[in-house]
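Here's the letter readout for the chains.
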Amino acid sequence: MGSERMEMRKRQMSTIQETPGAAQAQHSTGNRGSNACCFCWCCCCSCSCLTVRNQDEERARRTSHELQAEGIPNCEESPAPTLEEVNAWAQSFDKLMLTPAGRNAFREFLRTEFSEENMLFWMACEELKQESNKSVIEEKARLIYEDYISILSPKEVSLDSRVREVINRNMLEPSQHTFDDAQLQIYTLMHRDSYPRFMNSAIYKDLLQSLSEKSVET
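Cut-offs used in this document
- Residues numbered from 1 in each chain as written.
- Predicted model: local features only at pLDDT ≥ 70, side-chain atom pairs only at ≥ 80, totals over all residues.
- Heavy atoms only, no water.
- Helix = DSSP H or I, 4+ residues; strand = E, 2+ residues; numbered from the N terminus.
- Buried < 20%, exposed > 50% of the residue type's maximum accessible area, 1.4 Å probe, protein only.
- Contact = heavy atoms within 4.5 Å.
- Areas by Shrake-Rupley, 256 points an atom, 1.4 Å probe, with all protein chains shown as cover.
- Phe/Tyr/Trp six-rings, centres within 6.5 Å; stacked < 30°, edge-to-face > 60°.
- Salt bridge = Lys/Arg side-chain N within 4 Å of Asp/Glu carboxyl O.
- Core = buried A, V, L, I, M, F, W, Y, C linked by side-chain atoms within 4.5 Å.
- pLDDT = per-residue confidence, 0-100.
- Polar contact = N/O pair within 3.5 Å; in protein donor to acceptor, adjacent residues only side chain to side chain.
- Axes fitted to C-alpha atoms, helices over the stretch in contact; angles between N-to-C directions.
- Parallel < 35°, antiparallel > 145°, perpendicular 65-115°, else oblique.
- Nonpolar A, V, L, I, M, F, W, Y, C, P; charged D, E, K, R; others polar.

A word on the overall build of the protein
Okay, step 1: Along the protein, the regular secondary structure elements total nine helices and zero strands.
Okay, step 2: Taken from the N to the C terminus, the helices and strands of the protein come in the order α-α-α-α-α-α-α-α-α.
Okay, step 3: Expressed as a percentage of the 218 residues in the protein, the buried residues total 28%.
Okay, step 4: Considering only residue pairs separated by 6 or more positions, the protein has 62% of its internal contacts joining residues 24 or more positions apart.
Okay, step 5: Roughly 14600 Å² of accessible area belongs to the protein as shown, and the carbon and sulfur atoms make up 56% of that amount.

Written out as structure tokens, the structure is:
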């Protein structure tokens, strides 16, 4: 009987000693569950942070794109050209480029030849020359470079290596005249290459005929 009581007491003591370990293990398991939950929360938080950061980056790209889009001039506002003006366009390229109506008509033609970027670049250079604020000049020069000079741009204009080297040097300290050499080269290209085709185009001939008919009617 005494030995049986001793045996039962040993078993009880053994059970009591094992119970804290099990409780501790259960507590540890609970902590792991809590940590796992915390880890999942951190992952979700990280994903949320990445989402917000991606949205911010997208918004910045969109703002930059909108700023660049603002740098692309729409057709210039001008009164309808007169018959005399349209006839004068045939006399010289300079006279065509002198008036907003002439530039608009020529630009419309260039669009049909997928070379509108030449006129856009020339106009952007003219706009740059009117600026006097240093920070505005630097920003516009950067946009012009990205839009029309960079080889990565879909609107890159055709320039020789000498002119590109001049531009790269000028971009170290941008000014109103950073792109003067390039602007002259593109102007010459439009004069020699596109202007003769414009004079024989339906755009010019239809406009001339329309104004001539109106002149006869009056």
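Regarding the environment of Ile186
Okay, step 1: Structurally, Ile186 can be placed in helix α8 (residues 180–199).
Okay, step 2: By relative accessible area, which is 0% here, Ile186 ends up buried.
Okay, step 3: The spacing of Ile186 and Ser158 is 28 residues in sequence and 7.6 Å in space, taken between C-alpha atoms.

Re the packing of aromatic side chains
Okay, step 1: Scanning the model with the defined rule gives 11 aromatic pairs in all.
Okay, step 2: With 5.5 Å between their ring centres and 75 degrees between their planes, Phe93 and Phe106 make a pair best called edge-to-face. Of the two residues, Phe93 sits in helix α3 (residues 93–98) while Phe106 sits in helix α4 (residues 100–112), which places them 13 residues apart along the sequence. Each member of the pair, Phe93 together with Phe106, is buried.
Okay, step 3: Linked through ring pairs, Trp89, Phe93, Phe106, Phe109, Trp122, Tyr187, Tyr195, Phe198 and Tyr204 together constitute an aromatic cluster.

A short note on the pattern of salt bridges
Okay, step 1: A full pass over the atoms with the stated rule returns 13 salt bridges.
Okay, step 2: Two residues, Asp181 and Arg162, come together in a salt bridge whose shortest N-O distance is 3.9 Å. With a gap of 19 residues between them, Asp181 in helix α8 and Arg162 in helix α7 (residues 161–170) connect regions that are remote in the sequence.
Okay, step 3: Taking relative accessible area as the criterion, Asp181 reaches 36% and is therefore assigned partly exposed.
Okay, step 4: One continuous salt-bridge network, built from bridges that share partners, spans Arg107, Arg111 and Glu116.

Some remarks on the nonpolar core
Okay, step 1: Counting 38 residues, the largest nonpolar core has Phe106, Phe121, Phe179 and Phe198 as its most contacted members.
Okay, step 2: Put simply, the parts of the chain that give this core at least two residues each are α2 (83–89), α3, α4, α5 (116–129), α6 (134–149), α7, α8 and α9 (202–217).
Okay, step 3: In terms of residue count, the dominant contributor to this core is α5 (eight residues).
Okay, step 4: The contacts of Phe121, once residues within four sequence positions are left out, are Ile144, Tyr148, Ile149, Val157, Phe179, Ala182, Gln183 and Ile186.

Notes on the confidence of the model for the protein
Okay, step 1: For the protein, the mean per-residue pLDDT works out to 79, and 66% of the residues sit at or above 70.
Okay, step 2: In this model residues 16–53 is a low-confidence stretch, pLDDT under 50, and it forms zero contacts with partners more than four residues away in sequence or in other chains.
Okay, step 3: Low pLDDT (under 50) marks residues 59–72, which in the prediction has eight contacts with non-local residues, meaning those over four places away or in another chain.

Brief notes about the environment of Arg164
Okay, step 1: Structurally, the position occupied by Arg164 is in helix α7.
Okay, step 2: Distance from Arg164 to Asp181, taken between C-alpha atoms, is 9.2 Å for residues 17 residues apart in sequence.
Okay, step 3: Dropping the residues within four chain positions of it, Arg164 is found in contact with Ile149, Ile151, Glu156, Val157 and Leu159.
Okay, step 4: A polar contact of 2.5 Å, which involves the side chain of Arg164, links it to the side chain of Glu156.

Observations regarding the side chain of Asn104
Okay, step 1: As for its placement among the helices and strands, Asn104 is situated in helix α4.
Okay, step 2: If sequence neighbours within four positions are ignored, Asn104 has contacts with Cys75, Glu76 and Ser78.

Overview of the packing of α4 against α8
Packed helices, taken two at a time, are described by their axes: the angle between them and the distance between them.
Okay, step 1: Contact geometry for α4 and α8: axes closest at 10 Å, N-to-C directions at 90 degrees. Of the possible angle classes, the one that applies to α4 and α8 is roughly perpendicular. Contacts between α4 and α8 pair Ala105, Phe106, Phe109 and Leu110 from the former with Met190, Ser194, Tyr195, Arg197 and Phe198 from the latter.
Okay, step 2: Of the residues belonging to the contact of α4 with α8, the class tally is seven nonpolar, one polar and one charged.

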